[in-house]
Amino acid sequence: MTDGPASATATATDETIAHNLAAIRARIAEACARAKRDPAGVTLVAVSKTHGAAAVQAALAAGQAVFGENRVQEAQQKFPGLREAHPALRLHLIGALQTNKARDAVRVADVIESLDRPKLAAALAEAMAKEGRRPALLVQVNTGEEAQKAGVARAEADAFLRHCRDGLGLPVEGLMCIPPVDQDPRPHFAGLAALAARHGLRTLSMGMSGDFEAAIAEGATHVRVGTAIFGSRPAPA
Ligand SMILES: *Cc1c(COP(=O)(O)O)cnc(C)c1O
């Protein structure tokens with residue numbers, strides 16, 4: 001994260017964050033009604049990356065307890081203080097994770113959504129043993145087969161899941177994906193849901209600000225919404 005001019009980030013005001021959260025919750029409820037699903041089966045992960053602890057606090061005050069961050073270091077800086085005052089707070093790490101950050105990730109996260117390769121799986125297994133802490137894991141699948149994107153390839157997903165669960169005994173609870181920006185996300189969401197069903201996995205993290213309703217229609221249990229709650233972010237450096 002770079003320190004651009006203040007105008008590069010447009011973190012919403014506290015009032016707007018509360019208003020946005022209510023609006024997103026209403027849209028989740030409507031999407032659930034259309035899909036004949038119980039809204040209790042969809043968890044809103046408020047993605048607070050690049051926004052400060054004050055924005056997280058505003059969301060907490062508005063009843064939001066589950067947050068998503070991309071970077072371990074940013075999460076470590078922002079959350080420990082907040083956790084003490086808010087024991088219900090849950091933190092999801094949703095960004096690409098380096099193996100040398102595995103131990104910090106295991107310490108800070110309740111859920112790690114970006115497990116995508118054997119080296120990281122081994123590092124997380126070792127970190128969990130050392131820390132005596134077992135955050136839930138989601139395997140990220142590169143459903144669009146994009147070269148630049150994190151995630152296990154679809155063709156390797158079955159074997160990788162077996163390796164993580166049976167080989168390493170990792171607490172894998174579900175799958176996550178980020179569809180290509182220029183495509184209809186629905187087939188990607190449907191494919192991820194089918195893969196999860198084949199493996200008896202119940203957690204499906206899919207859908208962001210622009211497509212979470214489509215994700216709910218395809219069975220998302222977790223939607224990761226940032227911009228529509230907290231406002232725009234500076235372009236990644
Ligand atoms: C940033 C991010 C989001 C949130 O995206 P918005 O479009 O701002 O809602 C969701 N998932 C992942 C993995 C992200 O990195």
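Look above for the structure.
Because the structure is a prediction, the values reported are computed rather than measured. (Residues numbered from 1 in each chain as written. Predicted model: local features only at pLDDT ≥ 70, side-chain atom pairs only at ≥ 80, totals over all residues. Heavy atoms only, no water.)

Visitor: Give a detailed account of the site of the ligand, specifying residues and quantitative values.
Guide: Near the ligand, the surroundings consist of Val 47, Lys 49, Asn 70, Ile 94, Ile 178, Met 208, Ser 209, Arg 224, Val 225, Gly 226, Thr 227 and Arg 233. Residue Arg 224 places a side-chain N or O atom 2.8 Å away from a nitrogen atom belonging to the ligand. Thr 227 is positioned such that a nitrogen or oxygen atom in its side chain is 2.5 Å from an oxygen atom of the ligand. Relative to its unbound accessible surface of 390 Å², the ligand loses 90% to contact with the protein. (Near = heavy atom within 4 Å. Polar contact = N/O pair within 3.5 Å; in protein donor to acceptor, adjacent residues only side chain to side chain. Areas by Shrake-Rupley, 256 points an atom, 1.4 Å probe, with all protein chains shown as cover.)

Visitor: Just give me the short version of the pairing of strand β3 (residues 66-69), but keep the residues and values in it.
Guide: The alternating pattern of β3 places Val 66 and Gly 68 on one face and Phe 67 and Glu 69 on the opposite face, and all of these are buried. Summarising the sheet, strand β2 (residues 43-47) and β3 pair through two bridges and their orientation is parallel. The partner of Val 47 across the bridge, within β3, is Gly 68. With helix α2 (residues 53-61) bridging β2 and its parallel neighbour β3, the resulting β-α-β unit is right-handed. Two strands pair when backbone bridges link them, and β3 and strand β4 (residues 90-93) are joined in this way by four bridges, in the parallel orientation. By the bridge assignment, Gly 68 is partnered in β4 with His 92. (Buried < 20%, exposed > 50% of the residue type's maximum accessible area, 1.4 Å probe, protein only. Helix = DSSP H or I, 4+ residues; strand = E, 2+ residues; numbered from the N terminus. Pairing = 2+ DSSP bridges. Right-handed = clockwise from strand over helix to strand, strands pointing away.)

Visitor: Hey, could you go over the environment of Gly 81 for me, with residue numbers and the actual values?
Guide: Position of Gly 81 relative to the elements: it lies in helix α4 (residues 80-85). Residue Gly 81 is classed as exposed on the basis of its relative accessible area, which comes to 54%.

Visitor: Let's hear about helix α1 (residues 14-34): which residues, and what values?
Guide: With 21 residues, α1 should cover 30 Å at 1.5 Å per step; its first-to-last C-alpha distance of 30 Å lies within 8% of that length. Taken as a whole, α1 has its buried residues at Ile 17, Asn 20, Leu 21, Ile 24, Ile 28, Ala 31 and Cys 32. Angularly, the buried residues of α1 cover 110° about the axis, an arc narrow enough to put them on a single face. Within α1, the exposed residues directed more than 90 degrees away from the buried face are Glu 15, His 19, Ala 33 and Arg 34. Positive backbone phi, approximately 55°, marks Lys 36, located one or two places after α1. (Expected span 1.5 Å × (residues − 1). Arc of directions from axis to C-beta.)

Visitor: Just give me the short version of the pattern of salt bridges, but keep the residues and values in it.
Guide: Counted by the stated rule, this structure contains 14 salt bridges. With its nearest N and O atoms 3.0 Å apart, the salt bridge here joins Arg 107 to Asp 104. Taken as a pair, Arg 107 and Asp 104 lie in helix α5 (residues 102-108) at a separation of three residues, close to a single helical turn. In this structure, Arg 154 engages Glu 145 in a salt bridge whose closest nitrogen and oxygen atoms are separated by 3.1 Å. Overall, Glu 145 belongs to the partly exposed group, its relative accessible area being 41%. One network of salt bridges, in which partners are shared, links Arg 103, Asp 104, Arg 107 and Glu 131. (Salt bridge = Lys/Arg side-chain N within 4 Å of Asp/Glu carboxyl O.)

Visitor: How would you explain the packing of α1 against α2 if you had to name every residue and give the values?
Guide: The contact between α1 and α2 brings their axes to 9 Å, and the two run at 50°. The orientation of α1 relative to α2 falls into the category oblique. Between α1 and α2 the crossing geometry is right-handed. Across the interface between the two elements, Asp 14, Ile 17 and Leu 21 of α1 pack against Ala 54, Ala 55, Ala 58 and Ala 59 of α2. Looking at the contact of α1 with α2, its residues break down into six nonpolar, no polar and one charged. (Axes fitted to C-alpha atoms, helices over the stretch in contact; angles between N-to-C directions. Parallel < 35°, antiparallel > 145°, perpendicular 65-115°, else oblique. Left-handed = near helix turned anticlockwise from the far one by under 90°. Contact = heavy atoms within 4.5 Å. Nonpolar A, V, L, I, M, F, W, Y, C, P; charged D, E, K, R; others polar.)

Visitor: So what about the pairing of strand β6 (residues 136-142)? Which residues, and what values?
Guide: Walk down a regular strand and you will see the side chains alternate between the two sheet faces. Summarising burial for β6: seven of the seven residues are buried, a large majority. Side chains of β6 alternate between two faces, with Ala 136, Leu 138, Gln 140 and Asn 142 and Leu 137, Val 139 and Val 141 buried alike. Across three bridges, the pairing between strand β5 (residues 111-115) and β6 is parallel. Residue pairing for β6: Ile 112 is matched across the bridge by Leu 137. Across five bridges, β6 lies against strand β8 (residues 172-177) in parallel orientation. Residue pairing for β8: Val 141 is matched across the bridge by Cys 177.

Visitor: Requested: an account of the side chain of His 222, with residues and values cited.
Guide: In this fold, His 222 is placed in strand β10 (residues 222-225). A relative accessible area of 15% means that His 222 is categorised as buried. In contact with His 222, other than residues within four places in its own chain, are Thr 43, Val 45, His 92, Thr 203, Leu 204, Ser 205 and Met 206.

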